[in-house]
There are 2 protein chains.
Amino acid sequence: VTLADLDTPALTVDLDAVERNVARMVGYCAEHGLAHWAHVKTHKVPQLAELQLAAGATGLVCQKLGEAEVMAGAGLAPILITFPLVGEAKARRLAALAGRAPVSVGLDSDRSARDLSRALADAAASADVLIECDTGLGRTGVQSPGEAGDLAEVVDGLPGLRLAGRMTHPTRPESGPWLAAARRELAARGLAAERVSGGSTPSAYATHRVEGIGEVRAGTYVYGDRACIADGTVPLADCALRILATVASRPAPGRAILDAGSKTLTNDPGPGDGRFGLVVELPDAALEHLSEEHGHLRLPAGGAGPEVGERVTIVPNHACGAANLHDEVVAHRGGRVVAVWPIAARGRVR
Amino acid sequence: VTLADLDTPALTVDLDAVERNVARMVGYCAEHGLAHWAHVKTHKVPQLAELQLAAGATGLVCQKLGEAEVMAGAGLAPILITFPLVGEAKARRLAALAGRAPVSVGLDSDRSARDLSRALADAAASADVLIECDTGLGRTGVQSPGEAGDLAEVVDGLPGLRLAGRMTHPTRPESGPWLAAARRELAARGLAAERVSGGSTPSAYATHRVEGIGEVRAGTYVYGDRACIADGTVPLADCALRILATVASRPAPGRAILDAGSKTLTNDPGPGDGRFGLVVELPDAALEHLSEEHGHLRLPAGGAGPEVGERVTIVPNHACGAANLHDEVVAHRGGRVVAVWPIAARGRVR
């Protein structure tokens, strides 16, 4: 079976490109003495997580507890959950997870630390904790090195929690001094927490220039997308995730309508240039609008353009968002289908 | 079990609100002698489609063949597929579907008509055809009444296809004269095709002002969303689809981070006001950005704001896009959970 045999739309992944992307990331990390933690939020597929671990990734990163449960269920570990978990239901699930796999968690509040501690202690389990530090993004994370020290002290005093380190997202030049100051705040309280985890695909290959970061969390690099092309992280040739689509309508000379819209490609703005994907065969055409199931393709003036029934290949704006819309992904090498994988951890919203 | 017992994020639907919305739509259509065709793209749940049919909807509309297969599998019919189907694989599936349920299809090209005819004739099955007319949106559909006449002639001459009518999306004031002109073009060729189907929730309640339209296709009205509030179609009190979320982080005085981001709420721009959902309990707070799993809520200056662990209820920008991200929806009446339904037709990208 080849890609040409598939009906559209179809989510496909080029395993040769995936392997190049993973080898590059693991190679970069090895060269600079960094550990690579592969973020599964991008693909949500245990088989690809396994490939990343086999290639040398140190561990897996999950954003949702439900993703972590799927990965652990496939025998994959260690796992780092970077979204702050709050509440008894999630704390109990974390404790159960920690009973069967080595788990670390990032958190930024007393409340989260106390919720997790209570459930872990009840289950006689434990988890490593990274203090999440906001080194400039303005999302989650404690706001100052002093707050990092205070929260570390709370964590250090709670049963079931092992104070392990600091984390931030994304890695920025200013993250180095910030996290070093946090280290001093911890030391002033008699605490050490030497794991330092930085994140994001766009910043990954500059991690060695940022003092003190030892781990690279990155996910999108494995697939690549239009945002990665735009920021220089992954070239088009290595964009592994592509959506096959068909021209369903050619109502007017300058317009083709594809059978892939926002429910297939995601309406993520990507590079923010008003395009919603790159049509590889028609680089001069502009995928300028998505309805839920229609891709609106503006064709350059003068050319004949594709006919109804013609197939095209789309690199989406955001690989993670696109993959999250599909129940399965078709893995191929050079166009020959080698597997169809359920996206086992998609839809795990909790 | 009540909504308060659910962990977050959770997709919930208020069945009392759904029933009000459906009664209003069916009542409007009855008052004006129109048929209501309920678009299942919004909810993708057979139980809700059944509720719509029981309340008086004439039939179901599907955008994807895979959605239609799920609905027919649940014994629900008749079905209209409005996205133009192209290619042998889909044509064969349509023929199989037409063998077990009354099916009509919209199409706008010779290619689509010929593909479907071949497969239907091979299977000794048939389907009704609506000629899709672009009366102003600039998406799919033939571009002139003359083209509608020409395509109707092709359809009329093909085995397995029954020329049944005309359709457009959305219903606009100019759709009436356009579709009437198409009717004259058909008549000039000795053809009649009296079903006339108009579409979209925002235009639904103005259909009676547009000459000659007999059917109202609408989907979003059943749930409502921020776009419906903005365009006046559904008031907040009748917005049935809501996402329960929790404040996962309160890193800074003006900022709360929710455990619902673009993979839970959709990053659909909705009314286009730079907000990504309405937090019902905090109407003065602005859900101004979504990461994949984080909702960035800007809090008004001066107030205390919610604490970590506090729960909120979000009306999404676009109900259809939000529902499509989830594997199940929790149905409740007055907060009491009455069912948890799989979103059986989600992920049916083909």
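The rules behind the values
Residues numbered from 1 in each chain as written. Chains lettered and ligands numbered in written order. Predicted model: local features only at pLDDT ≥ 70, side-chain atom pairs only at ≥ 80, totals over all residues. Heavy atoms only, no water. Core = buried A, V, L, I, M, F, W, Y, C linked by side-chain atoms within 4.5 Å. Buried < 20%, exposed > 50% of the residue type's maximum accessible area, 1.4 Å probe, protein only. Pairing = 2+ DSSP bridges. Helix = DSSP H or I, 4+ residues; strand = E, 2+ residues; numbered from the N terminus. Axes fitted to C-alpha atoms, helices over the stretch in contact; angles between N-to-C directions. Contact = heavy atoms within 4.5 Å. Arc of directions from axis to C-beta. Expected span 1.5 Å × (residues − 1).

### A closer look at the nonpolar core
Stage number 1. Counting residues in each nonpolar core, the largest one holds 100 residues, and the members touching the most others are Ile-81, Leu-94, Ile-131, Tyr-223 and Ile-314 of chain A.
Stage number 2. In this structure, Cys-62, Ala-260, Ala-285 and Ile-314 of chain B belong to the second largest nonpolar core, which totals 99 residues.

### A word on the sheet that holds strand E3 (residues 59-62) of chain B
Residue and element names in this part refer to chain B.
Stage number 1. Taken together, the eight strands give a closed barrel; going around it, the order is E2-E3-E4-E5-E6-E7-E8-E9, and neighbouring strands pair in parallel fashion. The mean angle between the axes of side-by-side strands here comes to 30 degrees, regardless of whether they run parallel or antiparallel.
Stage number 2. Running at roughly 165 degrees to strand E6 (residues 127-132), helix H6 (residues 145-156) makes contact with strand E5 (103-107), E6 and strand E7 (161-167) of the sheet.

### Thoughts on helix H4 (residues 88-98) of chain B
Residues and elements named next belong to chain B.
Stage number 1. Turning to H4, its buried residues number three or more, namely Lys-90, Ala-91, Leu-94, Ala-95, Leu-97 and Ala-98. Taken around the axis of H4, the buried residues stretch over an arc of 160 degrees, which confines them to a single face. Of the exposed residues in H4, the ones pointing more than 90 degrees away from its buried face are Glu-88, Arg-92 and Ala-96.
Stage number 2. Close packing links the buried residues of H4 with helix H3 (65-73), strand E4 (79-81), E5 and helix H5 (110-122).

### A word on H5 of chain B
All names here are of chain B.
Stage number 1. For H5, which comprises 13 residues, the first-to-last C-alpha distance of 18 Å matches the rise-based estimate of 18 Å (1.5 Å per residue) to within 8%.
Stage number 2. Those residues of H5 that fall on the buried side of the exposure criterion are Ser-112, Ala-113, Asp-115, Leu-116, Ser-117, Ala-119 and Leu-120.
Stage number 3. Residues of H5 that are buried in the fold lie against H4, E5, E6, H6 and E7.
Stage number 4. Directly after H5, the chain includes Ala-124, whose backbone phi takes a positive value near 55 degrees.

### Overview of the sheet that holds strand E6 (residues 127-132) of chain A
Residue and element names in this part refer to chain A.
Stage number 1. If you walk around this closed barrel you meet the eight strands as E2-E3-E4-E5-E6-E7-E8-E9, and the pairing is parallel. Each adjacent strand pair in this sheet contributes to an overall mean axis angle of 30 degrees, direction not counted.
Stage number 2. Of the strand pairs in this sheet, strand E7 (residues 161-167) and strand E8 (residues 195-199) are connected by three bridges, and their pairing is parallel. Paired with Gly-165 across the bridge in E8 is Arg-195.

No statement about biological role is implied by the geometric values presented.
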